[in-house]
Structures are given as C-alpha cells and as structure tokens.
Amino acid sequence: MTATTELAALDALGQAELVARGEVTPAELVEAAIARIDAVNPELNAVIHRLDGRARAQATGDVRGPFAGVPIVVKDLDGELAGAPLHLGNNLLKELDFQGTTNSYLFDKLQQAGFIIVGKTNTPEFGLQTTTEPHAYGATHNPWDVTRGPGGSSGGSAAAVAAGLVPLAHAGDGGGSIRIPASECGLFGLKPSRGRVSVGPQDGEVWNGLVARHAVTRSVRDSAAVLDAIAGAMPGDPYTAPPALGTYRDAAATDPGPLRIGLRTSALASMCEVEPECAAAAEAAAKTLESLGHKVEIASPPALDEAELVLTFLSVVGANALGLVEELGRMTGRTITADDVEPGTWALAESGRAVSGVQVLETLHAAHSWTRRVLSWWHDGGYDLLLTPTLAALPPQLGQLNPVDGDPMMATILQTPYAAFAAGFNVTGQPAASLPLQVSSAGLPIGVQLVAAHYREDLLFRVAGQLERAVPWADRRPTVWAG
Amino acid sequence: MDAVAQAAQVRNGGISASELVDAAIARIEAVNPQLNAVIRDRFELARAEAASPDLPDGPFRGVPLLLKDLSCEVEGEPLYEGMQFLKDADYRGRHTDAIAQRFLDAGFVVVGRTNTPESGLLPTTEPESYGPTHNPWKLGYTPGGSSGGSAAAVASGMVAVAHANDGGGSIRIPASACGLVGLKPTRGRVPTGTDFNELSNFLIAEHVVTRTVRDTAALLDVTGAPRTNGATRAPTPARPFAAEVGQDPGRLRIGLLDHNPTDSSTIDAECVTAVHAAAALLESLGHIVEPSFPSPWADPEAMLRFSSVWATECAHVLDDWGEKVGRRITEPDVEPLTWRLAQMGHDVPAPQFMGTVVAAMSEARAAARWWRDADPSGFDLLLSPTLGEPPLPHGSFPSTPEQPLTGFIRAGDFVPFTTQANISGQPAISLPLHVSAAGLPVGIQLMAAFGREDLLIRVAAQLEAAAPWADRRPPVHA
C-alpha cells in the first residue's frame, strides 16, 4: 500500500486511478483518510461529524463509479445524508442530535460516483457567514495559519481539503461560500450556474436561486469530473441549466482559444476598499493570461457599479433568514426563540419580519433586470471572461469578523470585503471560479476569480486547466498538512 | 390556411405579404364588430410593413399575426393590459420584449392587439375598459381567458395564429372554449420579457393559440428557439418541434383524470364525455390509458394557499405600473377584483410568500414522481378535460366593489386542471376534440413531463390525424 502520507498529495482522480489499477483498495484509502483526520483534524476542527463506521462498511462493499473508493467529506449543510447528523451549525440541532433520514440528489450522485463519505464538515450557522466559527462547534482553523479563519461558509470543507485530509469536499455557495474558502485555503472552487446541480428532492431552489452546490478541490480536473457526476436535471426541478456539449473533464484538459478578458480590481458597487495584495494578484493573473495568448483589458460590466441592488437585496436575505428559523421550528417541532440560534442569525431573521411579499417580488425583479444588464457585457460586449480578485482582503484572524454576541449588522459590514467580488454572481446565476494563483508576502493564499457567461462552466474549466498547467499549485503545502 | 401554409405561399410566390395582410384586415373588419376580439388595430402600419423590403425574411414572412394586449411589449406601441388607466394614459412600450422581437424577426406582420381581462386575472375576457369578447361559437358566451381575444380571433378565422400567454391556464382555457390548439410550453422555453426572467415570474409561459398542431409546433421553433443570452432553462430539443409532427409517439402510458383532483366540485358531464372519448381514441391508437394522476394534486388546500402568490404578484404589478406612469394606482383606477387582490397581496409577509413558493415547489417535486422521467414504470402523459365546464355565458365571473372576489372564486370550478402545470413548469396542451350538445367546443388537456413538448406535439398530431377538427367552423367565421 502506498503510504498514508503519499496518498494525501493525490487528487481524487489520482486516488481512483490507484484503485482501478488494483494498487490500493477502497478500504485502504478510507483507512488512510481516517488516519489523517485522526492526526490532523484536532488542530483544525474541520471535520465535526465522523462517519468512520459507515465509511468502512461502504469501502468493503461493492463500490463502482469514476471515483470508486475515494474518501471525501461533505459540508454539514445543503440537504440530508441518510444516517448522518444534520446540525447546520446550529446548537439546538446539535443538542437534539438531529439526523438525516434520506439522501439529497447531490449526496446520492456523489456516492453513485463511487465516493465514500467519511465525515461532515463545519459550517457557520445556516451558512450565513463568510467565516466558519459557529457557536455550536467552534472555529475551524486555516491550515496555512491556524490563527486565521478558513473562510466560509464552506470553511470546514476547504480546511479539510487544503490540509490533505481528503482530496476534495462538497461545498455550497449562496454568496461566495465555495469561492471564499477556496481563496483563503489555496484551493480551486467553482460555483456552477444556477440550475446546473439539482437541490432536490428537499428543495426546488434555495435562497431564491442564489445557492449553487458543488465542491472545493485541489486540482481543476477533480472539480470538472465531480461536476460531470453531479450535474443534470432531476424530476421536479423547477428549471434546469442546459446540458454541456462535452464533459467538463475533457474541457479541463483542453486549452481554450484566445479569449477576451476584462480585468476589474475595484469592489462591486465600490462597497469596500481592496487590499493591494488582492488587487495585485488579479493583475498578476492578467499578465499570466496575456502570456498564454489571451487579450486582457481593464473592463467590466458597467452594471457592476450600480449600488441600489445591494441594499434592496439585504431585505430578501433577512426574509430568507426568517425562513431558516421557521424551518428550524418545523425540523425540531418547537417554537424557536432567540436562545435557539446565534444572536446574529436572530437579528437577521427579525429584520425579515418587516419585509413584505411584494418587496421580495420587487427585489427579485430588480435583480433579474440587473442580471440582464450585467450579462449584456458578455453577450453584446463580446467579452469571454471577467477577472477579479476573489476577495478584497486577506484571510482574517479568527474572531475578527464575527465578534461573539456582537452587533450582527457590524458582522455584516466586517464581512463585506469577503463577499464584495463573489456575491453579485450568485444574483446573476453565472458560473464563477476561484483559482489559487497567488501567495501573499506573509505566505497566505490569495485567489483570483474568473466569471463566465451563464452555463459556460466549460470555458472556466478550459482556462483554469490552462492556468494550472502554466503555473501549477499542486506542490504548494500549508503549514498544517496531513502528508 | 394555417400559418405554415400561408408562409409557404409567400415563399413560393403564390401570394404576397400585402395580399395576406389585406385579406386579414378585411376579415377582421367583417367579423370583429360581432366579437370584440381585436381592440386596437394597426392596419396602416401593417400594410406598410407588409409592402416594405425590410420585412424580415424569417420562416413566417408576411403572415398576419395578432398580439394579446398583455405583456409582449413593443417599443413605442400602446400596451394597456385591459386597464382603463393605461388606456387613458395611452401607455407606450419602452422596449421590445424578446418574445415580440422573435415574432417580428420571424417575419410576422402584426395587424393588431387582442382583448384581455384586466391584468389577465380571470379565465374570461370581459374587461371594463374594452367590454366583453364573444365566443364565435355562441355570442353572449365567454371565449375563455385570459387570452380570450386572441382565441376568438383565431377561431373566427381573422388570423391563423395569435399570441397568447398562460400563468394559470390562459392559453389552454380559451383554446378549449374556442375549439383551438393551445400549448403552454415548459418553463424557460420561451423568453417571458426583457425585464424579467423565468425566476421572477415563474408561472407564466408565452406562446400562441392556433388551429393546427403543426402551427403550434412550427411556432414553438420560433418562440422557443434557444437563447444566446443565456436565459434558457428548458431542456434543448433534439430536433425542431415542427419535425415531431407525424412522428410515431410509440406506445404511451397515459393517466386519465376525469374528476376534479381535489373533489371540491363535480365537473360538467360534457367534459367527462369529452375526456372519456379522448381516452377511447388514444386506446384505439395503441396507447395504454388507466385512471391515475399525481396524488399531491388532491390536496384541497394547495390552490388556496397559492392564491396568496397571485395576490402578491397582483400587488407588485400595480406598484410597478404606478412607477411607470408616475403616480400611485388607486381604487378607482382598476376593477374591484384587481384592487382587492392587490390589497390582499400587500398584506402578505415575505416569509408567507416565499414559504408558499417553496411549498409549491415541494408539491411539484412530489407530483413529479408520477411521471416516467422519475420512475421507469411511471406515466408519459396525463389526460384530463381542459376545463371543468363548457364555455359559460358572459357575466359568470362577476366582481363588484361589495363582492370583489366572487368571480375569482367561481373560476376555481371552471379551471381545476390547468394551474398545476404553471406551478410545476411542465408543458400541457389543449386539443379541440369534443363539441357539446349545445354546439360549444370542449377541449381535452394532455400534460407531459418537464421539457417534453416533443411528446405532446407527436401525440397531438396523431390525434389530429385520427379525429380531425379542421372542417369544424363556428357560426361566426370570416
């Protein structure tokens, strides 16, 4: 058997290849992942629910699929996994030890692809923060600097992958929650188009369509192959993205032709300052892209400078938060009070009480009208991609963004630099990816974001694969590493 | 001649666009005074466009078309949506909606606008602003709604096809009441407007009412062409819909629903007769028909809950119009039903609105299990009457300041079968297979799984060939 530590450096397709060649068994892969989690997770607090027994049983059974036998972890949010805890970063669900009884389509498809789920990862309460420090389970630490956060809301997943516990992890993104932790932990994180991955059977759409689900990975090809496995309409979906023409895995291996790329280093709607190192990362990526034959201009959709939408959208966020609190009541059969959720969650939900249905409709209509203005830059303006920093700031110190029991509106303001480039593309529903192209002077990962037109994940995978081949990041290791 | 035949004539030089348009204008002038289907004409503009070398060389070059006066905005042209205050303000379109642009690019010549109930809220077409549209099969009776003006115009032969849209049955209802083919496409197939996308008004589907299945199919290749601006969310068809006409649908498993799914009312015997005859016809064509329907539809509360969504939409629409015309819309500006619904809508808190949408999506998800795409032993199609009753006399859906909701509530018994497809986004088609003893059309509805218009068109064409309706003419006909 290949040593546990050597396995840590392999991506998921690399591990699957070893299984296919008979050099390692699924059971050995799972044991190795369990050993790495045992060894490293105490430093990180990334994996909060262990599923060792379930994983071991599956690994010795009949495992098939392109990822047969490869151990992964999934976020403790985004739908049920049968027989596993579902606590959503919430203390009441933790106390009740709430368990999933069915599989979401996504978790079903991951298992059908051969993945073996060895644990569930930490998330801020209901995924509402850009950092992963829930009161229920405590903070997850960034493997590059354990005094800092891993980003959020898929911070547990990102920390686990960055530290080599598993080659990839499920993640979800309603306002940047795949891309933000990918940037802070030095991973590849692609948010797919709206409607690409079904959120059923539990939901038709989540957060009015803001939420897209997929994974954080170390390699581009892993991300592509996972999306090949989980994409596609399921019965009862209210709408669906048009299928890709080829496989994403092929796209990741194929250079794109020369592209026209717009570079923007100022935050959307100028909602915050951008740290020079973040802007410089995007500028450096622009130079790399130019060296690969692409044309990069300083340009971006003018609609990204409109500010009104940000404010109106906060009302919908509040109303959705109230929906989450009401859902918590249905799950637990209780009347939820302020004691059952974090103060920030409660305050956000309370702000949703004053919102009317008509306001929601108005905001959605305004959002979709804005989407058309943004997209005209791609469709009428002739641009292929938008290049930005993923974040306007470097990974924050733990406690910096989410002062315990502090003013929740202050938390929102503090987190602005982390959502400033990402969240707009949840509104438009476009695919967007964070690539781990830079490291700060202090040794912290800095991601850059590429955004494509609707349904053009194929283009993101092509250019991401090209960048990965040109400036590889696979050998970069964080301070905390399971290898 | 249907639209496909007219277009072929223009293409091969048998007839000119101007001749087609002049003929349509003559028919409208002859018949419309009896029906009040066309409420605004643009005859002079249409004649000029038909004669112009700039007339786009699309698949329907020179074919006259009527647009419903609800959405389908055209820059610079009047759009009143059945509302007196917009008529008074002579509201003009500020942009051209994608659906309108597609009609224009296809070469259609728009000869006028058709009547609609105020804001499209009722399954009849009797707005105060323009008065009632008559059913060409029986004057004094409703043509259905909300696309009743379009349906009456096509049924009486004024034009071959007319634009229609469907947020709760508004293509299928008038198609049934006027003896036409009416397909509501899958959510996301046809663009719903420039300002909106499928998510912001997810109930509404745009398309047309026609006399032939092939017109409905060929038009869907125009209205439902894949978009380049990335807003397509309906699965892309394997080939043009027009090519599905005449294709063998295979042996289908079809569920038969011949009663109100919530059992809240009985449906008229003529509708039962119509659907049983259609079932027998389908069986004679080799299909398997058995009583079954998606069980979540039986929930009597579902539609009631959903009315809060309509009310919220109504409130939003009035707010939006207020913004566009630069003043607040007040009670005297609109009909009592519209005002009452908007008031109710303003009282709906966000969580209730969003919760209702979420619940509707879950119910649609549960109902989806009934279909073959979810379960290999499931059903291909659902067969039901389109309506619970044959066309009713004018005045059957009243709204007064004292009792604004009477007609709206009454509509529930008239339309027990159509709204489910708006909520789930599935395609459904009304076909004119039956005529009542009183000589009024009674349609049957076939519904398919999400994205399966191809299957609906195949089986609709098969039924049209087996039980043709082309020779049936209403008493009022050009």
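Residues numbered from 1 in each chain as written. Chains lettered and ligands numbered in written order. Predicted model: local features only at pLDDT ≥ 70, side-chain atom pairs only at ≥ 80, totals over all residues. Heavy atoms only, no water.

1. Some details on the overall build of chain A
Scanning chain A from N- to C-terminus turns up 17 helices and eleven strands. For chain A, whose C-alpha radius of gyration is 21 Å, the value lies close to the compact-globule estimate of 23 Å for 483 residues. Across its three principal directions, the C-alpha atoms of chain A cover 60 × 55 × 45 Å. Classification of the 483 residues of chain A by burial places 63% in the buried group. In chain A, the share of contacts with a sequence separation of at least 24, taken over all contacts with a separation of at least 6, comes to 79%. Entry remark: accessible area of chain A is about 15600 Å², with carbon and sulfur atoms responsible for 54%. Computed over 33 positive and 52 negative side-chain charges, the separation of the two mean positions in chain A equals 5 Å. (Helix = DSSP H or I, 4+ residues; strand = E, 2+ residues; numbered from the N terminus. Rg over C-alpha atoms; globule rule 2.2 N^0.38 Å. Buried < 20%, exposed > 50% of the residue type's maximum accessible area, 1.4 Å probe, protein only. Contact = heavy atoms within 4.5 Å. Areas by Shrake-Rupley, 256 points an atom, 1.4 Å probe, with all protein chains shown as cover. Lys, Arg positive; Asp, Glu negative; His and termini not counted. Charge placed at Lys NZ, Arg CZ, Asp CG, Glu CD.)

2. Observations regarding the packing of helix H10 (residues 300-325) of chain B against helix H12 (residues 350-368) of chain B
Residues and elements named next belong to chain B. Contact geometry for H10 and H12: axes closest at 9 Å, N-to-C directions at 130 degrees. The orientation of H10 relative to H12 falls into the category oblique. You can see that H10 and H12 cross each other, and the crossing is left-handed. Each of Ala 302, Arg 305, Phe 306, Ser 308, Val 309 and Thr 312 in H10 lies in contact with H12, whose residues at this interface are Gln 352, Phe 353, Thr 356, Val 357, Ala 360 and Glu 363. (Axes fitted to C-alpha atoms, helices over the stretch in contact; angles between N-to-C directions. Parallel < 35°, antiparallel > 145°, perpendicular 65-115°, else oblique. Left-handed = near helix turned anticlockwise from the far one by under 90°.)

3. Structural notes on the packing of aromatic side chains
Scanning all chains against the criterion turns up twelve aromatic pairs over all chains. Ring geometry for A:Trp377 versus A:Trp378: centroids 4.7 Å apart, planes at 80 degrees, classification edge-to-face. Residue A:Trp377 is classed as buried on the basis of its relative accessible area of 7%. Centroid distance B:Phe103 to B:Phe108: 6.0 Å. Interplanar angle 80 degrees. Geometry classified as edge-to-face. (Phe/Tyr/Trp six-rings, centres within 6.5 Å; stacked < 30°, edge-to-face > 60°.)

4. A word on the pattern of salt bridges
Residues and elements named next belong to chain A. Tallying each qualifying case throughout the model produces 40 salt bridges over all chains. One salt bridge in this structure joins Glu 327 and Arg 330, with 3.0 Å as the shortest N-O distance. Of this pair, Glu 327 and Arg 330 both sit in helix H12 (residues 308-332), separated by three residues, roughly a single helical turn. With a relative accessible area of 34%, Glu 327 lands in the partly exposed category. (Salt bridge = Lys/Arg side-chain N within 4 Å of Asp/Glu carboxyl O.)

5. Here's the deal with the side chain of B:Thr124
Turning to its location among the elements, B:Thr124 is positioned in the loop between strand S3 (109-114) and helix H6 (148-155). A distance of 2.6 Å separates the side chain of B:Thr124 from the side chain of B:Thr142, its partner in a polar contact. (Polar contact = N/O pair within 3.5 Å; in protein donor to acceptor, adjacent residues only side chain to side chain.)

6. Topic: empty space enclosed by the protein
Overall, the coordinates contain seven cavities of 30 Å³ or more when judged by the stated rule. The space that makes up the largest cavity amounts to roughly 160 Å³. As for the largest cavity, its lining consists of 18 residues, and the residues nearest its centre are A:Gly195, A:Val197, A:Val199, A:Gly204 and A:Tyr239. When its residues are assigned to classes, the lining of the largest cavity shows eight nonpolar, five polar and five charged. In this structure, the second largest cavity occupies an estimated 80 Å³ of space. In this structure, the second largest cavity is lined by A:Pro235, A:Gly236, A:Asp237, B:Ala364, B:Ala368, B:Trp371, B:Asp373, B:Ser424, B:Gln426, B:Ala449 and B:Phe450. Partitioning the lining of the second largest cavity into residue classes produces six nonpolar, three polar and two charged. (1 Å grid on protein atoms, 1.4 Å probe; cavity = no way out; pocket = protein on both sides within 12 Å on 5 of 7 lines; lining within 4 Å. Points joined across faces, edges and corners; volume = space filled by probe spheres on them. Nonpolar A, V, L, I, M, F, W, Y, C, P; charged D, E, K, R; others polar.)

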